[in-house]
Amino acid sequence: IDQPNVITCKAMVAWEAGKDLVMEEVEVSPPQPLEIRVKVICTSLCRTDITAWESQAIFPRIFGHEASGIVESVGEGVTEFVKGDHVLTVFTGECKTCKHCESKKSNMCQVLGLERRGVMHSDQGTRFSVKGKPVYHYCAVSSFSEYTVVHSGCAVKVSPQAPLDKICLLSCGVAAGLGAAWNVADISKGSIVVIFGLGTVGLAVAQGAKLRGASQIIGVDINPEKYEKAKCFGVTDFLNPNEYNEPIQQVIKRISGGGTDYSFECIGNTGMVTTALQSCCDGWGLTVTLGVPKTNPEIASHYSAFLSGKTLKGSLFGGWKPKSDLPSLVNKYINRDIQVDEFITHNLPFEDINKAFTLMREGKCLRCVIHM
Ligand code: APR
Ligand code: ZN
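Residues numbered from 1 in each chain as written. Chains lettered and ligands numbered in written order. Predicted model: local features only at pLDDT ≥ 70, side-chain atom pairs only at ≥ 80, totals over all residues. Heavy atoms only, no water.

**Structural notes on the coordination of the zinc ion (ligand 2)**
Move 1: Every protein donor of the zinc ion (ligand 2) is listed here as C95 (SG), C98 (SG), C101 (SG) and C109 (SG), and their distances to the metal cover 2.3 to 2.4 Å.
Move 2: Bound by 4 donor atoms, the zinc ion (ligand 2) shows angles of 104 to 121 degrees at the metal and therefore tetrahedral coordination geometry.
Move 3: Each donor residue of the zinc ion (ligand 2) belongs to the same chain, and together they define the spacing C-x2-C-x2-C-x7-C.
Move 4: With relative accessibility at 8%, the residue C98 sits in the buried group. (Donors = N, O, S within 2.8 Å, 3.2 Å for Na, K, Ca; no water. Tetrahedral: all angles 85-135°; square planar, octahedral: opposite > 155°, others 65-115°. Buried < 20%, exposed > 50% of the residue type's maximum accessible area, 1.4 Å probe, protein only.)

**So, the environment of E351**
Move 1: Positionally, E351 belongs in the loop between strand 16 (344-349) and helix 11 (353-361).
Move 2: Contacts of E351, omitting those with residues within four sequence positions, involve M12 and M23. (Helix = DSSP H or I, 4+ residues; strand = E, 2+ residues; numbered from the N terminus. Contact = heavy atoms within 4.5 Å.)

**Quick look at the sheet that holds strand 2 (residues 22-28)**
Move 1: Here we have 4 strands laid out as an open sheet, ordered 1-2-6-7, and antiparallel in their pairing. Pairing within the sheet leaves two strands with one partner each, and these edge strands are strand 1 (7-13) and strand 7 (133-135). Taken over all neighbouring pairs, the strand axes of this sheet differ in orientation by 45 degrees on average, direction set aside.
Move 2: With 7 bridges joining them, strand 1 and strand 2 adopt antiparallel strand pairing. Note that in strand 2 the partner of T8 across the bridge is E27. (Pairing = 2+ DSSP bridges. Axes fitted to C-alpha atoms, helices over the stretch in contact; angles between N-to-C directions.)

**Remarks on the nonpolar core**
What tends to happen in soluble globular proteins is that the nonpolar side chains get buried as a cluster.
Move 1: Counting residues in hydrophobic clusters, the biggest one holds 96 residues, and the most contacted among them are V26, F144, I167, L170, I195, F264 and L329.
Move 2: At 7 residues, helix 4 (residues 173-184) tops the list of elements feeding residues into this core.
Move 3: Setting aside its immediate chain neighbours within four residues, I195 contacts G202, V205, A206, I217, I218, G219, V220, F264 and C266.
Move 4: Grouped together as the second largest cluster of nonpolar side chains are 11 residues, I192, V194, V220 and I252 included. (Core = buried A, V, L, I, M, F, W, Y, C linked by side-chain atoms within 4.5 Å.)

**Some points on helix 11**
Move 1: Every buried residue of helix 11 is accounted for by I353, N354, A356, F357, L359 and M360.
Move 2: Phi turns positive one or two residues past the end of helix 11, at G363, with a value near 70 degrees.

**Concerning empty space enclosed by the protein**
Move 1: Following the criterion strictly, the structure yields 1 cavity of 30 Å³ or more and no others.
Move 2: The space that makes up the largest cavity amounts to roughly 30 Å³.
Move 3: As for the largest cavity, its lining consists of G93, E94, H100, C101, S106, N107, M108, C109, K321 and P322.
Move 4: Its residues assigned to classes, the lining of the largest cavity shows 4 nonpolar, 4 polar and 2 charged. (1 Å grid on protein atoms, 1.4 Å probe; cavity = no way out; pocket = protein on both sides within 12 Å on 5 of 7 lines; lining within 4 Å. Points joined across faces, edges and corners; volume = space filled by probe spheres on them. Nonpolar A, V, L, I, M, F, W, Y, C, P; charged D, E, K, R; others polar.)

**Here we look at the site of ligand 1**
Move 1: In the vicinity of ligand 1 lie 20 residues, with R47, T48, V201, D221 and V292 positioned nearest.
Move 2: Within the contact set of ligand 1, an oxygen atom lies 2.8 Å away from a side-chain nitrogen or oxygen of R47.
Move 3: For ligand 1, an oxygen atom lies 3.1 Å from a polar atom in the backbone of I267.
Move 4: The protein chains hide 87% of the 730 Å² of surface that ligand 1 would expose on its own. (Near = heavy atom within 4 Å. Polar contact = N/O pair within 3.5 Å; in protein donor to acceptor, adjacent residues only side chain to side chain. Areas by Shrake-Rupley, 256 points an atom, 1.4 Å probe, with all protein chains shown as cover.)

**Considering the packing of helix 7 (residues 248-255) against helix 8 (residues 270-279)**
Move 1: One can describe the packing of helix 7 onto helix 8 by two numbers: an axis separation of 9 Å at closest approach and a directional angle of 25 degrees. On the basis of their axis angle, the class for helix 7 and helix 8 is roughly parallel. Considering how the two elements wind past one another, helix 7 and helix 8 form a crossing that is right-handed. For the pair formed by helix 7 and helix 8, the contact residues are I248, Q249, I252 and K253 on the first element and T275, Q278 and S279 on the second.
Move 2: Of the residues belonging to the contact of helix 7 with helix 8, the class tally is 2 nonpolar, 4 polar and 1 charged. (Parallel < 35°, antiparallel > 145°, perpendicular 65-115°, else oblique. Left-handed = near helix turned anticlockwise from the far one by under 90°.)

**Thoughts on the UniProt feature "domain: Alcohol dehydrogenase-like N-terminal" (unreviewed entry) in the protein**
Move 1: Per the UniProt record, "domain: Alcohol dehydrogenase-like N-terminal" (unreviewed entry) is annotated on residues 33-158.
Move 2: Along residues 33-158, the helical share is 10% and the strand share 29%, with 22 Å between the first and last C-alpha atoms. (UniProt positions renumbered as here; feature names shortened; annotations may be inferred.)

**Things to note about the environment of V193**
Move 1: Along the chain, V193 falls in strand 10 (residues 192-196).
Move 2: Residues V193 and P33, 160 residues apart in the sequence, show an inter-C-alpha distance of 46 Å.
Move 3: The residues contacting V193, other than those within four sequence positions of it, are I187, A209, A214, Q216, I217, I218, T260, Y262 and F264.

**Side note on the pairing of strand 5 (residues 86-89)**
Move 1: Neither face of strand 5 is exposed, since H86 and L88 on one face and V87 and T89 on the opposite face are all buried.
Move 2: Pairing of strand 5 with strand 9 (residues 155-157) involves 3 bridges; the strand directions are antiparallel. When the sheet's bridge partners are listed, T89 is paired in strand 9 with A155.

**Concerning the packing of helix 1 (residues 47-55) against helix 11**
Move 1: Contact geometry of helix 1 with helix 11 gives a least axis separation of 11 Å together with a crossing angle of 100 degrees. For the element pair helix 1 / helix 11, the angle class is roughly perpendicular. Here helix 1 contributes R47, I50, W53 and E54 to the contact with helix 11, which in turn contributes F357, M360 and R361.
Move 2: Of the residues assigned to the contact of helix 1 with helix 11, the class counts are 4 nonpolar, no polar and 3 charged.

**Notes on the pattern of salt bridges**
Move 1: Under the definition given, this model contains 18 salt bridges.
Move 2: When the shortest N-O distance is used, the salt bridge between E16 and K19 registers 3.2 Å.
Move 3: Of the residues examined, K19 reaches a relative accessible area of 45% and is grouped as partly exposed.
Move 4: Among the ionic contacts, a cluster of salt bridges with common partners joins E35, D123 and R127. (Salt bridge = Lys/Arg side-chain N within 4 Å of Asp/Glu carboxyl O.)

Structure below.
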């Protein structure tokens, strides 16, 4: 059997917070036991990459976590993948044996959950280097590289029929939104829903709500350019808080007859979690959080929200267990039961990745797919 060698390839390395990524020749180690090395085909830029790049301290680093690729080689003990398999990478894995993986109630794998220190789960090491200097990972995925190494529990084999330049969106944002609507909130027919933030995540919630037969889907965003696109995902009412001189939750309560059945925070602003909670109705109103805040991580609420029966519920990756659930979501896309292409507003070659950062920071795109 051929032993995989070190690969030298191009990667977009972040050397400092908030500074343009730089294309470098990086060395990518062979996959270690239970890891696989993946040739990245496409990676889309997600808001969380930007948040981490702007606010975190671990550098140099290769960001990127929403991606599709093809297995190039497998490490010792990997039986699930062979060279040539099509995969989606995932920022939260599934070991299938921990307490959470065994529970129907959770997708928070305790072994391969969200990795925050920029290293691999197995040995706290990195698989990248530039001129002998280690380069850190991001969310144990690091897809802004032509090749990357991931734990085999952080990749999902998908149908080779599915176009990799589209389904990369299902490895994070679109799946997170659909899952929040279906698994976490479990929206029922005829419901009234409000969504704060009409980026890809919020609009995927809208799509999920529409497919469940919600009767009213209120979208809240400060960027009026989001409205046209929002309509095609099912948003029925658009509210721009800057156009009102009363708190937006008051407007929402008025147009929903006393508060919505569900509210979703898809901005990453904890102040808006409070607003979302105030916007849902007494008794059964449910607020689901999807956003990842950059600052002010604390959430404030008057306890009366809970005295009146409201629920605040967190979510990660829409409650999906990646290995168990993503293949069927990909099949839903193949069968045209869900829309994914419509979220892709831009396509760019790998070397132009900094343009994608600019587009997203300026609010000019939903998803920008980077072709390696
Ligand atoms: N009020 C209303 N809308 C806002 C506000 C605000 N104060 N601030 C930002 N927005 C809108 C933006 O105009 C944008 O349309 O929120 C939307 C966020 O969308 P994107 O930036 O495209 O982000 P997205 O990829 O959809 O992710 C949303 O989920 O996964 C997390 O980290 C991610 O926190 C982020 C959130
Ligand atoms: Zn697990």
